[in-house]
Amino acid sequence: MNKSIRVFIADDNRLLREGIASMLAQEEDIIVIGSAMSGSEAIKQIKKLRPDVALIDIGMPDKDGLDVTQALYKDLPSVKVIILGMPDLTDEIMVCIESGAAGYVLKEASFEYLVESIRSVKRGESFCSPRMAASLFSRIAELAGERIPESSVKLTPREVEVINKIADGMSNKEISGQLYIEEQTVKNHIHNILDKLQLHNRLEAVQYARERKLLKQKPE
Amino acid sequence: MAFNEVKHDMRKTRVLIASRPKLLSEVIHYMIQRQPDMKVVSEVLDPLELFLLIKTLRADVVIVTPLPGNGDPHICIKLLAAYPLLIIVTQSAKGEAAYLYQTNVPKKRINEPSAQSILDAIRQAMQSIAS
């Protein structure tokens, strides 16, 4: 006989918390071992009871669902957390996943769907609806687009020259004198270099150029 | 035994559920259907459909999730104007508050809304109408 899935419920909505517990009690393979109405109480109880699956409401008083998920992921990674969320917000789902949640179920979902999610995460799977998965894929693609692939970054010969002068320890004024350009033009070049490479300062630009062997070898 | 069952059935309070989110609606459905003296006549979301179904299904009670906001939900005022004998229970989606509305009776706050406190409030209201 299969071992029952031990479930914990944390939700400040008493009717929902008690109702879900009563309904889950009807499932043959699920046993509700405890519940809590606040985040801090949930963490305390879950550490004591060590359920297989914790259903955690996203918006609880004191510590919210994300705080609870992070705490559990850090201290009790074996407990699979399913976040019970209200809005279908992709960013919120992303944060939940990053915090260590194994599943995200909207309260707009059916009870049957919730039960399916509990069984899924117990099997070690991650769980979200196909619609949520589609949103997540889009969001991931968006984020990937925000990071410029390194291969597509092209520094102009002039910009490489400017980095070389910076590496030589020259100030903007000295570089402008050496390259016969205005100091403001030097500043523009540096700004463009940092922007293209998504770096923060001149030192990082030199480091970048050194790693990619863009710096001219100095004669011995 | 059979008599009792029929007797219960005749007196069953007819409940129409218009709650959100769906999980809460299913919990309320489960809670009501386990009561021997109550019966879920339907679940509905569209306000217009709600208005029509109260009459068609002869609902005694409506459990509804109003839109967030202050004061008495507009829908309660409209429903009571159309159906003076109706009992309305409002349950916020977040669950922090529930109220019971009846015609000519001050709204009653159901403290710490739970299955039991909501069922008790409905029964009391039904009794007050019967008497």
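Residues numbered from 1 in each chain as written. Chains lettered and ligands numbered in written order. Predicted model: local features only at pLDDT ≥ 70, side-chain atom pairs only at ≥ 80, totals over all residues. Heavy atoms only, no water.

Draft legend 1. Expanded view of the confidence of the model for chain A. Looking at chain A, pLDDT values average 88 and 92% of them are 70 or higher. Per-residue pLDDT, averaged within each element of chain A, yields its smallest value for helix H6 (residues 130-146) of chain A (76) and its largest for strand S1 (residues 5-10) of chain A (98). (pLDDT = per-residue confidence, 0-100. Helix = DSSP H or I, 4+ residues; strand = E, 2+ residues; numbered from the N terminus.)

Draft legend 2. The arrangement of the packing of helix H8 (residues 172-179) of chain A against helix H9 (residues 183-197) of chain A in detail. Residues and elements named next belong to chain A. Running from amino to carboxyl end, H8 crosses H9 at an angle of 105°, the nearest separation of the two axes being 8 Å. Here H8 lies roughly perpendicular to H9, going by the angle between them. Here Asn172, Lys173, Ile175 and Ser176 of H8 come into contact with H9, specifically with Glu183, Val186, Lys187 and Ile190. A breakdown of the residues in the contact of H8 with H9 according to their chemical character gives 3 nonpolar, 2 polar and 3 charged. (Axes fitted to C-alpha atoms, helices over the stretch in contact; angles between N-to-C directions. Parallel < 35°, antiparallel > 145°, perpendicular 65-115°, else oblique. Contact = heavy atoms within 4.5 Å. Nonpolar A, V, L, I, M, F, W, Y, C, P; charged D, E, K, R; others polar.)

Draft legend 3. Molecular detail of the interface of chain B and chain A. Taken residue by residue, the interface counts 20 residues in chain B and 22 residues in chain A. Of the roughly 1,800 Å² buried between chain B and chain A on both sides combined, carbon and sulfur atoms contribute 63%. For the chain B face of the interface with chain A, the top three residues by lost area are B:Leu23, B:Tyr30 and B:Lys94, together amounting to 38%. A salt bridge links A:Glu108 to B:Arg20; its shortest N-O distance comes to 3.3 Å. Where chain B meets chain A, there are 8 residue pairs in polar contact (both at pLDDT 80 or more). (Buried area = accessible area lost by both parts, 1.4 Å probe. Salt bridge = Lys/Arg side-chain N within 4 Å of Asp/Glu carboxyl O. Polar contact = N/O pair within 3.5 Å; in protein donor to acceptor, adjacent residues only side chain to side chain.)

Draft legend 4. Up close: the sheet that holds strand S2 (residues 38-43) of chain B. All names here are of chain B. Strand order in this open sheet of 6 strands is S2-S1-S3-S4-S5-S6, and the pairing throughout is mixed. Looking at strand neighbours, the two that pair on one side only are S2 and strand S6 (105-110), the edges of this open sheet. Across this sheet, the average inter-strand angle for adjacent strands is 20°, counted without regard to direction. As paired strands, strand S1 (residues 13-18) and strand S3 (residues 61-64) are joined by 4 bridges and run parallel to one another. Paired with Ile17 across the strands is Ile63, a residue of S3. Packing of helix H3 (residues 47-56) onto the sheet brings it into contact with S1, S2 and S3, and relative to S1 it is tilted by some 170°. (Pairing = 2+ DSSP bridges.)

Draft legend 5. Quick look at the pairing of S1(B). All names here are of chain B. When you tally the buried positions in S1, you get 6 out of 6 residues, the bulk of the element. With burial as the criterion, each face of S1 is covered, one bearing Thr13, Val15 and Ile17 and the other bearing Arg14, Leu16 and Ala18. In this sheet, S2 lies alongside S1 in parallel orientation, the contact comprising 5 bridges. Across the sheet, residue Ile17 finds its bridge partner in S2, namely Glu43. In this view, the connection linking S1 to its parallel neighbour S2 by way of helix H2 (residues 22-33) has right-handed handedness. (Buried < 20%, exposed > 50% of the residue type's maximum accessible area, 1.4 Å probe, protein only. Right-handed = clockwise from strand over helix to strand, strands pointing away.)

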